[in-house]
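Understanding the architecture of this molecule
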Amino acid sequence: MTTSIELDISGMTCASCANRIERKLNKLDGVTATVNYATEKARVEFPETVSPDDLLTTVQSAGYAARLPRVDESPSATGESEEEVDPTRSLRDRLVISAVLSVPVIAMAMVPALQFTYWQWASLVLAAPVVVWGAWPFHRAAWVNLRHGATTMDTLVSVGTLAALGWSLYALFLGTAGTPGMKHPFELTVGRTDGAGNIYLEAAAGVTTFILAGRYAEARAKRRSGAALRALLEMGAKDVAVVRDGVETRIPVSQLAVGDEFVVRPGEKIATDGIVVEGSSAVDASMLTGESVPVEVGVDDAVVGATVNSGGRLLVRATRVGGDTQLAQMARLVEDAQNGKAQVQRLADRISGIFVPIVIALAVGTLGFWIGTGGGWAAAFTAAVAVLIIACPCALGLATPTALMVGTGRGAQLGILIKGPEVLESTRRIDTIVLDKTGTVTTGEMSLRDVVAATGEDADEVLRLAASLEDGSEHPIARAVVAGAKERGVGVARVEDFTSVDGLGVQGVVDGHAVVVGRPQLLRDWSITVGDELESALTRARASGATPVVVGWDGTARGVLVVGDTVKTTSRQAIAQLRDLGLTPWLLTGDNPEAARHVAGQVGIDADNVIADVMPADKVDVVRRLQDEGRVVAMVGDGVNDAAALATADLGMAMGTGTDVAIEASDLTLVRGDLRVAPDAIRLARRTLSTIKSNLFWAFGYNVAAIPLAMAGLLNPMIAGAAMALSSVFVVTNSLRLKSFRPTT
């Protein structure tokens with residue numbers, strides 16, 4: 001028998017850290033572990049022979065910290081502390097201070113006109129705090145990695161910056177670099193030097209600042225990864241009017257127990273899953289189920305927590321509370337999907353596993369070669385330190401963050417929010433896109449589609465009398481009818497003896513006519529026959545996925561009002577653009593098959609690629625089934641019901657007009673409600689990824705090309721500084737080209 005547990009991991013600095021912890025845990029007998037760097041959590045399944053303490057000890061032995069989740073830990077409990085203790089604040093402060101100190105150091109080193117008499121000592125005063133305090137996270141990570149026989153980019157940053165600072169101290173105090181009036185001339189000639197007059201403070205400070213900037217951008221994106229779960233759980237009601245011993249009392253939802261009866265008034269959220277024991281109403285469950293038409297409920301019908309009561313007063317008996325509710329189960333689906341995401345190794349980290357040890361070996365080899373050939377200790381150390389400095393990832397530190405900043409900035413201008421670099425790789429590979437219907441392809445709001453008047457009747461009069469009656473109802477269908485009448489310039493009249501018939505419709509007297517509006521059953525109760533003509537209209541409306549209501553007065557059925565969700569005018573064009581990008585569109589919805597196929601036909605999606613009547617968990621299963629077929633799947637949705645599927649998909653795209661939960665669970669957010677932004681988002685993300693790749697190529701190319709010169713002792717400080725500056729300028733300029741991206745819309 002195995003047990004599953006989730007550990008909170010701290011101390012990871014890159015994706016390779018997650019892999020190291022995962023390998024350590026999986027070495028334990030019977031243990032299966034998945035470590036997610038983005039969420040800083042480890043999902044571990046372990047047998048009875050292994051204790052949770054063994055897991056914590058194993059993580060600690062790998063050089064990281066872990067803790068078990070607290071029993072009382074909840075979003076509401078931890079929200080304040082997380083707000084007060086921002087984990088990115090210290091990194092931001094470190095970056096700002098390092099940048100302020102580094103700018104004059106780099107300026108003085110690169111511009112001879114700024115090199116006053118004791119400029120080198122001023123540079124030391126400014127650069128030392130940056131290299132020691134600003135780069136402390138890199139030094140600490142490098143030390144942890146060294147203790148466990150591993151190297152990462154942190155190792156190279158730490159060794160390179162400390163070597164540059166160390167040699168600069170030697171040159172200043174024991175060499176000739178501390179001489180008053182010393183200059184670093186701006187010349188691009190290559191020549192050997194013993195290094196006693198060279199300082200590398202600008203390289204050490206600049207590398208530290210640039211890498212800190214990249215880490216800060218990454219940390220901000222990581223901090224948002226847990227917001228989906230908090231937003232989902234906070235969707236529920238906060239308090240509830242419970243009835244005990246005949247007395248109605250408001251209590252926190254957390255105190256609600258199974259069997260308690262509670263009141264839900266119109267417009268309120270249902271506090272928890274339960275059974276209706278009194279009353280009837282229409283419940284808006286679209287955020288959870290995706291069903292655009294409100295569900296009619298009455299006595300003995302089941303209702304779900306967090307859905308909204310749109311109509312009458314309900315008395316509900318709680319059947320599930322706390323972690324057993326459907327909302328809590330959906331939260332677990334989102335969490336499991338996030339933890340199950342593939343570990344995306346950043347390109348720099350992948351290469352660093354080979355690059356870093358090679359650079360260190362070359363530096364040591366260079367030192368030994370120069371000493372062995374009688375070149376002298378000073379020249380040997382100069383060449384060895386030059387190797388470390390020229391290999392230090394200055395342009396590499398800019399490669400991803402600058403492209404990401406420009407790409408995401410341009411995206412924000414176009415209504416596209418990209419969450420992080422790992423998102424970009426997914427956009428390159430996707431070949432299938434799954435679209436939620438309600439709120440994504442359609443508007444998600446009920447509207448009056450058509451008024452079908454019986455022969456001899458005036459359509460405006462049918463609508464006027466129906467709207468007059470519906471004006472007294474809060475039902476979503478009634479609101480759609482009234483809104484439709486206003487749009488068509490049809491006024492409403494005074495109503496007498498208004499009555500709402502639970503689950504069926506409304507009735508009353510308008511202008512002396514006894515008017516009935518509702519389901520055919522309501523008219524039959526009044527002995528009103530719906531003729532063949534209107535029966536055909538009812539059949540056509542249902543076939544199109546709409547909701548028809550019959551209007552009758554004075555004993556005769558006069559017309560049919562067709563109410564339903566409306567397809568967005570831009571959806572068909574958007575799906576055509578997605579096809580042009582090589583993607584196969586699928587339509588996924590909680591609506592009935594007729595409605596789904598009707599919408600698919602309108603927007604150009606094949607009928608074979610329509611899946612209807614799906615619940616939230618089923619949406620996840622559909623995405624996984626497509627993935628199991630070898631497809632790389634993107635998902636576009638907007639509701640809570642889509643959150644788990646968005647997190648499960650290889651690429652999740654949320655409509656910004658939807659819920660915070662869907663937005664936080666996604667990888668890309670489309671701020672506007674226009675589906676045409678989706679193909680633009682994919683194109684922008686793919687172009688940003690290609691820019692990052694070209695940046696990384698040239699950054700490493702610069703290192704590889706310059707290292708032989710450093711090993712030969714042919715790099716003076718100005719050449720090293722100029723080369724580093726030029727490589728950084730190239731990376732930034734290449735990234736700025738993303739500003740020219742133009743949408744197709």
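Just so it is clear, the model here is predicted, and its values are computed rather than measured. (Residues numbered from 1 in each chain as written. Predicted model: local features only at pLDDT ≥ 70, side-chain atom pairs only at ≥ 80, totals over all residues. Heavy atoms only, no water.)

If you tally the helices and strands in the protein chain, you get 27 helices and 26 strands. Put simply, the protein chain has 745 residues, and 54% of those count as buried. If you take every contact in the protein chain between residues at least 6 apart in sequence, the share linking residues at least 24 apart comes to 70%. Here the protein chain has roughly 30900 Å² of accessible surface; of this, 57% comes from carbon and sulfur atoms. (Helix = DSSP H or I, 4+ residues; strand = E, 2+ residues; numbered from the N terminus. Buried < 20%, exposed > 50% of the residue type's maximum accessible area, 1.4 Å probe, protein only. Contact = heavy atoms within 4.5 Å. Areas by Shrake-Rupley, 256 points an atom, 1.4 Å probe, with all protein chains shown as cover.)

What follows concerns the environment of Arg-410. Note on placement: Arg-410 falls in helix H14 (residues 394-413). Among the residues examined, Arg-410 registers a relative accessible area of 12% and is labelled buried. On a C-alpha basis, the gap between Arg-410 and Ser-740 in space is 8.5 Å, while along the polypeptide they are 330 residues apart. Contacts of Arg-410, omitting those with residues within four sequence positions, involve Leu-684, Leu-738, Lys-739, Phe-741, Arg-742 and Pro-743. Here Phe-741 takes part through its backbone oxygen, which lies 2.8 Å from a polar atom of the side chain of Arg-410. (Polar contact = N/O pair within 3.5 Å; in protein donor to acceptor, adjacent residues only side chain to side chain.)

On to the pairing of strand E22 (residues 584-588). Taking burial as the measure, the five residues of E22 include four buried ones, the bulk of the element. Note: strand E15 (residues 432-436) against E22, five bridges, orientation parallel. From the neighbouring strand, Ile-433 faces E22, where its bridge partner is Pro-585. Pairing of E22 with strand E23 (residues 610-611) involves two bridges; the strand directions are parallel. Counterpart to Leu-587 in the pairing with E23 is Val-610. (Pairing = 2+ DSSP bridges.)

Between its first and last C-alpha atoms helix H26 (residues 677-711) spans 51 Å; for 35 residues at 1.5 Å apiece the expected length is 51 Å, and the two agree. Downstream of H26 by a residue or two, Gly-713 has a phi angle that is positive, lying close to 75°. (Expected span 1.5 Å × (residues − 1).)

What UniProt calls "transmembrane region" (unreviewed entry) maps, in this numbering, to residues 95-112, 118-136, 156-179, 199-217, 351-371, 377-400, 696-712 and 718-736. Helix makes up 89% of residues 95-112 and strand makes up 0%, while its end C-alpha atoms are separated by 27 Å. Spanning residues 696-712, this segment combines 94% helix with 0% strand, and its end C-alpha atoms are found 25 Å apart. (UniProt positions renumbered as here; feature names shortened; annotations may be inferred.)

Here we take up helix H6 (residues 136-147). Its twelve residues place the ends of H6 17 Å apart at the C-alpha level, agreeing with the 16 Å of an ideal helix rising 1.5 Å per residue. Gly-149, located one to two residues past H6, shows a positive phi value of around 65°.

Formed by 46 residues in total, the largest nonpolar core has its most connected members in Leu-435, Met-653 and Leu-675. Sort the elements by how many residues they give to this core and H26 lands first, with nine residues. Both of domain 2 (89-223 + 341-402 + 692-734) and domain 4 (416-441 + 568-671) provide at least three residues apiece to this core. Setting aside its immediate chain neighbours within four residues, Leu-435 contacts Val-441, Ile-575, Leu-578, Pro-585, Trp-586, Leu-587, Leu-588, Ile-605, Val-636 and Leu-675. Counting residues in hydrophobic clusters, the runner-up holds 37 residues, among them Ala-127, Val-130, Met-182 and Ile-390. (Core = buried A, V, L, I, M, F, W, Y, C linked by side-chain atoms within 4.5 Å. Domains from an automatic or database assignment.)

On to the sheet that holds strand E21 (residues 556-567), then. Strand order across the open sheet formed by six strands is E16-E21-E20-E19-E18-E17, with antiparallel pairing between neighbours. The outermost strands of the open sheet, each flanked by one partner alone, are strand E16 (442-453) and strand E17 (495-501). Direction aside, neighbouring strands of the sheet carry axes that sit 20° apart on average. Of the pairings in the sheet, the one linking strand E20 (residues 547-553) to E21 comprises seven bridges and is antiparallel in character. Each residue of the ladder has a partner; that of Val-549, found in E21, is Leu-561. The strands touched by helix H18 (residues 476-487) are E16, E20 and E21; relative to E16, the strand with the most contacts, the crossing angle is about 65°. (Axes fitted to C-alpha atoms, helices over the stretch in contact; angles between N-to-C directions.)

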